[in-house]
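One-letter residues, chain by chain:
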Amino acid sequence: MRVGNLAGRLVIVTGAGAIDVESASGGRFGPEPQAVYDQWAEFAGWAASADAAAAQPYELAQLGAPAPAPRQSFGIGLNYRDHVAESGLTVPDQPSVFTKFPSCITGPHSDVVLPPGGHTDWEVELVAVIGTTARHVSEGAAWSHVAGLTVGQDISERISQLAGSPAQFSLGKSFPGFGPTGPWLVTVDEFANPDDLELGCSVNGDQMQKARTSYLIISVPQLIAKLSAVVTLLPGDIIFTGTPAGVGMGRNPQRWLAPGDEVVSYVEGIGELRQRFLAG
Ligand code: ZN
């Protein structure tokens, strides 16, 4: 099942169009996309029987973030070996965790204003959305706490990300529009193997990143186990799971996004994001 946010309303997306959930459920579920995660199990049970004939055509540009206002939004750094190497760092023995503050979360198609004087970079990532509260969850039980997966861009301004000693990543990754997600959430049952999905991104049509999530140093279930050993993961929280090699910072010469650039990001079995960058 694909669950989306169409102009701020919760929808189920099918091949024929979008089913408005509040309308199709007779008001049993409200219109707010973020609120559905607090009733995730009940919603998933109902959605299987939703009236497919209620699907209406829609415009892709109307899609918003599938989890637009998470209470917690985690980023994981240095989680693919080839990206650790291009960063000139060593593989951490614990997850490198930062926050993408929720105000930066946007939908799949957007314009992003470049911070003036910055070095803005791309990072395609698989994003996991929590479906049920997770606290001290084992790796084996972790997938059962995930509502689904979506595509994310962990857009990063490197000067502010790496300022200070020790550097603190969160601000440089939280400028307005720096957290595009979408185009929808795909439930875990849709994937033959949710731990092995191709992901990649291109800038102006040139492929910059291409990898598989099976290369993650700390897998999605391991991340949920490790995070939930410390914090309580809440329904609708999102986890940007890390980026593979091919970011602009790791290239020789380094390359930063410029006004007019377009970044297209994808994850196999989910869909793509499209961001255009504008002068700040
Ligand atoms: Zn990242």
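This text goes with the structure placed above it.
The paragraphs below set out a description of the structure included in this document. The model shown is predicted, which means the values in this text are computed figures rather than measured ones.

Cut-offs used in this document
- Residues numbered from 1 in each chain as written.
- Predicted model: local features only at pLDDT ≥ 70, side-chain atom pairs only at ≥ 80, totals over all residues.
- Heavy atoms only, no water.
- Donors = N, O, S within 2.8 Å, 3.2 Å for Na, K, Ca; no water.
- Helix = DSSP H or I, 4+ residues; strand = E, 2+ residues; numbered from the N terminus.
- Buried < 20%, exposed > 50% of the residue type's maximum accessible area, 1.4 Å probe, protein only.
- Core = buried A, V, L, I, M, F, W, Y, C linked by side-chain atoms within 4.5 Å.
- Contact = heavy atoms within 4.5 Å.
- Pairing = 2+ DSSP bridges.
- Axes fitted to C-alpha atoms, helices over the stretch in contact; angles between N-to-C directions.

Focus on the coordination of the zinc ion
Those protein atoms acting as donors to the zinc ion are Glu-123 (OE), Glu-125 (OE) and Asp-154 (OD), and they sit at 1.9 to 2.0 Å. Counting gaps between the donor residues of the zinc ion yields the pattern E-x1-E-x28-D. Separated by 31 residues along the polypeptide, Glu-123 in the loop between strand S8 (120-121) and strand S9 (124-130) and Asp-154 in the loop between strand S10 (146-153) and strand S11 (156-157) bring together distant segments of the chain. Residue classification places Asp-154 among the buried residues on the basis of a relative accessible area of 0%.

Details of the nonpolar core
By size, the foremost hydrophobic cluster in this structure holds 75 residues, and its most contacted members are Phe-43, Leu-149, Ile-224, Ile-239 and Ile-270. Counting residues per element, this core draws most heavily on S9, at six residues. Excluding its chain neighbours within four sequence positions, the residues that come into contact with Ile-239 are Phe-74, Ile-76, Leu-126, Val-127, Ala-128, Ile-130, Leu-223, Ile-224, Leu-227 and Leu-233.

Some thoughts on the sheet that holds strand S16 (residues 262-267)
The strand order across the open sheet formed by five strands is S7-S17-S16-S13-S14, and the pairing between neighbours is mixed. Lying at the two open borders of the sheet, with one neighbouring strand each, are strand S7 (109-113) and strand S14 (206-212). Ignoring which end each strand starts from, the neighbouring axes of this sheet average 15° apart. The sheet contact formed by strand S13 (residues 198-203) and S16 spans five bridges and is antiparallel. What sits directly across from Ser-202, in S16, is Val-264.

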